[in-house]
Amino acid sequence: MLQKKRHNYLTLYKRRIFDDFAAQEKDHIFLLIPILLAIGIGLYFGMTNETPLWVALTGAVISGLTTYYLREYYIAFLSTLSIAIVLTGFSSAQIRTHYLDTNFLPYSFGPTGIQGRIASVTPSQKGYKIILEDLQISRLRADHIPTRVRLHANSLKTQIKPGQWIETRAMLKPPPQPASPLSFDFQRHAYFQGIGAIGFTYGKIKVLSEEASPFSFFENLRHVIQENITHIFPNTNDADKKALAIALLSGNKQLINEETHEAVRAAGLAHLLAISGLHIGLVSAIFFFGLRSLLALIPSVSLNYPVKKWAAFLAIAAALCFTLTTGASTPTVRAFLMTSIVLLGVILDRKAISLRTVAWAAIAILILLPESLLSPSFQLSFAAVTALVAYYEKRSPDLSSPSYIRYVKSIFTSSLIATAATTPFAAYHFNHIALYGVASNLVAIPITVFWIMPSGLLALCLMPFGLEGVALHIMGWGIELLVWVAYQTANIPFSQIATPSMGVPAIIALTIAGLMICLMTKIYRKTGVALIGVGFLLASLNPLPDIVINETGKLSAIKDQEGNTYVSNLRHASFTRENWLQNWGLENHKPVSFQKKLPCDQTGCQFQHKNGTWVSFNEQAIALEEDCQKADILITPWDSPMICDNPKHIIDKKALKRSGAHAIYLGNGKIEIETVRDNRGLRPWTQYGR
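Everything numeric in this text was worked out from a predicted model, so none of it was measured.

Colleague: Break down the overall build of the chain for me, citing the residues and quoting the values.
Modeller: Each helix and strand counted, the chain has 25 helices and 18 strands in total. For the chain, whose C-alpha radius of gyration is 28 Å, the value lies close to the compact-globule estimate of 26 Å for 690 residues. Across its three principal axes, the chain shows a C-alpha extent of roughly 95 × 90 × 55 Å. Scored against the burial criterion, the 690 residues of the chain give a buried share of 47%. Partitioning the intrachain contacts of the chain with sequence separation of at least 6 by distance along the chain shows that 68% fall at a separation of at least 24. Of the roughly 34,900 Å² of accessible surface on the chain, a fraction of 61% belongs to carbon and sulfur atoms. Averaging the positions of the 61 positive and the 45 negative side-chain charges in the chain gives two centres separated by 8 Å.

Structure representation (structure tokens):
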């Protein structure tokens, strides 16, 4: 009797529960692996404190062993396997963090003498960005020397190359904190790039070693490409041609002027400047079909050897070289991995491209570079590719229409799908949406695919012989047309809509909704469509601060109930002001100073919210005692008095030093304060004032 009950229980446990889900989604379970890895990585970066390294690793091993022993029990197998994958993602992020162990400069320092080896030299609009490693810094303690520094040089009188040892004088400071609790964490970004300090140079740069390191081959190649393009386009009238050619052939977008960059972004064409699937796919396609055609002209080879597989192998090599030459950013690596998997499918006689291809590329990046999950490039590129592949896997080809009609329809459909998939992430990271991207891409993509990139690749092939001039000029004409399309689109009214900060819960809900629509079937897709509404609702309900204060207390901003913004200083810290306006969804709004709208004197300003809360922005220590008597919230860059009982909240030098930038919420009738430290906690990449 007991045996029969046990049999019935196990049968139910193994087969009946989620049986419908298993039958419908069994082919899609592999696609959940990168999602589970991403959950683990997201949990790690969402924590406010570090956990011991062995905790997650031990959990992953135990879960893996449990998965093996419960492989006969479907629910238990999937549950323990999911836990193991999540903990693997968590461990990969933790191991990567401990492996890098970037050392930050603890305080501003200099001017001082500095020696180091050049890791990269990148020309920009305002000079050059130089990254130095293996550093020696005068008068600085050995344990305070950063792992790498990024220096800005206004000009270079001496030609320098990656791998050389140089000496200069510089002013250094730690990577900056987020401008507000809602802002991008540059310290975390710098940590995973190995950059422990930033600064600018004084005087000339002296080269100590003329010979560049052989390990910096691709950095030097990138440098040569940029010099050759600059030589072909020396005039200021050719600035856009030069900047975009350098961006497309070397991956450096720093030379694009702000006006052109803004026009390209407003037109929804920014993806064309990021070396991604379009560019890597085009490189591999040109080499694959070109080499295959050449080998087919030799009958003795084409009839006796697998020339198709040879061409696929050489196309992978060409794509790898182009990836390394253009800097190997996250979209480029993702595109290379996917292209390589497709070409490996050709070599192994397997299906070329599918959602599994996308999943393999995501798994590789998340395991090797888990911090990429948080980057806009990772999220935008995988959102677009996943949506496109999911659509084309299920679409039946239309062979009845003429080829040119099919091509236009495919561009329109692809642009529409990619725009829909990436819009939530663009709104989350950049606080704007491009409305006419689909229309502009109909014109811009053919120009890029058939004109700009082929002539650019031809120029790269001709550079060793010094014959790249004609090809680059042809490329430049195509760039001129592309820029014209961008400006014409950007000048249309409402080409770009600013959006306020949408919050983490909203982007998570929209991501889950998109994944359900792309990866699941039947009713689960309908659930995903419903979840989109939840995501938009969460975005609309996301609270925004009424007042923000930077980490020094010397810059503050207010957004009143009518949507007007006021700032304490219009001359300094323009980047921080612009960042705050973007978070409020007021990117094109021009704020006014406190002095014009608030009651102010030489010691500070006062602001009264509609709920009656008085906020005092103190600027002089001599007036602190008076402000303590009448303010509900006291904000000052000085230390507050020992006795200051009237204010409900005091944000002074100590609080700002301890917790970074502050955000104050007054809209719901009570005072709520959020700080950078509340969101980030204490992590290896966090550093607060000293």
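Colleague: Now, about the state of the cysteines: what can you tell me, with residues and values included?
Modeller: For the structure shown, the criterion picks out 2 disulfides. Sulfur-sulfur distance for the disulfide between Cys 628 and Cys 644 comes to 1.9 Å. What sets the handedness of the Cys 628 and Cys 644 disulfide is the S-S torsion sign, and at about -105° it is left-handed. Of this pair, Cys 628 sits in helix α23 (residues 624-630) while Cys 644 sits in the loop between β15 (633-635) and β16 (649-651); the two residues are 16 residues apart in sequence, bridging distant segments of the chain. Both residues of the pair, Cys 628 and Cys 644, count as buried. In the chain, numbering the disulfide-bonded cysteines from first to last in sequence yields the connectivity 1-2, 3-4. Cys 321 carries a free sulfur, and the closest cysteine sulfur to it, the one in Cys 461, is 11 Å from it.

Colleague: Tell me about the layout of surface pockets, and please be specific about residues and values.
Modeller: Roughly 400 Å³ of volume is contained in the second largest pocket. Around the second largest pocket, the lining comprises 17 residues; the ones closest to its centre are Leu 221, Cys 321, Thr 325, Leu 460 and Cys 461. At the level of elements, α7 (217-232), α10 (277-296), α12 (307-325) and α17 (437-462) are the ones that each hand at least two residues to the lining of the second largest pocket. Per-class residue counts for the lining of the second largest pocket are 15 nonpolar, 2 polar and no charged.

Colleague: Hey, could you go over the pattern of salt bridges for me, with residue numbers and the actual values?
Modeller: Considering all chains together, one arrives at 13 salt bridges under this definition. Close ionic contact of Arg 117 with Asp 134 constitutes a salt bridge, the shortest N to O distance being 3.4 Å. Here Arg 117, found in strand β1 (residues 109-124), pairs with Asp 134, found in strand β2 (residues 127-137); they are 17 residues apart in sequence, far enough to count as distant. Between Asp 238 and Lys 241 there is a salt bridge, and its shortest N-O distance comes to 3.8 Å. By relative accessible area, Asp 238 is classed as buried at 15%.

Colleague: Help me get a handle on the sheet that holds strand β3 (residues 148-153), residues and values and all.
Modeller: On the basis of which strands lie adjacent, the closed barrel formed by 5 strands has the order β1-β2-β3-β5-β4 and mixed pairing. Neighbour-to-neighbour, the strand axes of the sheet open up by a mean angle of 50°, direction not taken into account. Pairing analysis gives 4 bridges linking β3 to strand β5 (residues 197-209), with the strands arranged parallel. Directly across from Val 149, in β5, lies its bridge partner Ala 197.

Colleague: If you had to explain a nonpolar patch on the surface to someone new, which residues and values would you point to?
Modeller: The grouping of Trp 451, Val 470, Ile 474, Trp 477, Leu 481 and Trp 484 at the surface amounts to a nonpolar patch, some 600 Å² of accessible area in total. Ranked by residue count, the leading element in the nonpolar patch is helix α18 (residues 469-490), at 5 residues. Note on placement: Trp 477 falls in helix α18. Judged by relative accessible area, Trp 477 falls into the partly exposed class, the value being 48%.

Colleague: Give me the nonpolar core: which residues, what numbers.
Modeller: Ile 229, Leu 244, Leu 269, Leu 472 and Met 475 are the most contacted members of the largest nonpolar core, which has 52 residues in total. Setting aside residues up to four positions removed in sequence, Leu 269 forms contacts with Val 264, Ser 440, Asn 441, Ala 444, Leu 482, Val 485 and Ala 486. With 47 residues, the next largest nonpolar core counts Leu 31, Ala 361, Ile 363 and Leu 366 among its residues.

Colleague: Describe the side chain of Glu 133, naming the residues involved and giving the relevant values.
Modeller: The residue Glu 133 is located in strand β2 in this model. With a relative accessible area of 15%, Glu 133 lands in the buried category. The residues contacting Glu 133, other than those within four sequence positions of it, are Gly 116, Arg 117, Ala 119, Thr 147 and Arg 148.

Colleague: Go over the sheet that holds β16 with me, naming the residues and quoting the values.
Modeller: Taken together, 5 strands build an open sheet; the order of strands is β12-β13-β14-β15-β16 and the sheet is mixed. Two strands lie at the open edges of the sheet, namely β12 (600-601) and β16, each paired on one side alone. As judged from the 2 bridges shared by β12 and strand β13 (residues 604-608), these two strands associate in the antiparallel manner. Note on β13: the bridge partner recorded for Cys 600 is Cys 605.

Colleague: Explain the packing of aromatic side chains residue by residue, including any values.
Modeller: Scanning all chains against the criterion turns up 18 aromatic pairs. A ring pair is formed by Phe 45 and Phe 192, whose centres lie 5.7 Å apart and whose planes are at 70°; its orientation type is edge-to-face. With a gap of 147 residues between them, Phe 45 in helix α3 (residues 32-46) and Phe 192 in helix α6 (residues 186-193) connect regions that are remote in the sequence. When sorted by exposure, Phe 45 lands in the same class as Phe 192, which is buried. One aromatic cluster is present, built from ring pairs that chain together Tyr 44, Phe 45, Phe 90, Phe 104, Tyr 191, Phe 192 and Trp 685. The side chain of Arg 683 reaches across the aromatic face of Tyr 44, ending 4.6 Å from its centre.

Reading the values: the criteria
- Residues numbered from 1 in each chain as written.
- Predicted model: local features only at pLDDT ≥ 70, side-chain atom pairs only at ≥ 80, totals over all residues.
- Heavy atoms only, no water.
- Helix = DSSP H or I, 4+ residues; strand = E, 2+ residues; numbered from the N terminus.
- Rg over C-alpha atoms; globule rule 2.2 N^0.38 Å.
- Buried < 20%, exposed > 50% of the residue type's maximum accessible area, 1.4 Å probe, protein only.
- Contact = heavy atoms within 4.5 Å.
- Areas by Shrake-Rupley, 256 points an atom, 1.4 Å probe, with all protein chains shown as cover.
- Lys, Arg positive; Asp, Glu negative; His and termini not counted.
- Charge placed at Lys NZ, Arg CZ, Asp CG, Glu CD.
- Disulfide = S-S within 2.5 Å.
- 1 Å grid on protein atoms, 1.4 Å probe; cavity = no way out; pocket = protein on both sides within 12 Å on 5 of 7 lines; lining within 4 Å.
- Points joined across faces, edges and corners; volume = space filled by probe spheres on them.
- Nonpolar A, V, L, I, M, F, W, Y, C, P; charged D, E, K, R; others polar.
- Salt bridge = Lys/Arg side-chain N within 4 Å of Asp/Glu carboxyl O.
- Pairing = 2+ DSSP bridges.
- Axes fitted to C-alpha atoms, helices over the stretch in contact; angles between N-to-C directions.
- Patch = residues over 30% accessible without salt bridge, like charges linked within 9 Å, V, L, I, M, F, W, Y side chains within 5 Å.
- Core = buried A, V, L, I, M, F, W, Y, C linked by side-chain atoms within 4.5 Å.
- Phe/Tyr/Trp six-rings, centres within 6.5 Å; stacked < 30°, edge-to-face > 60°.
- Lys NZ or Arg CZ within 6 Å of the ring centre and 35° of its normal.

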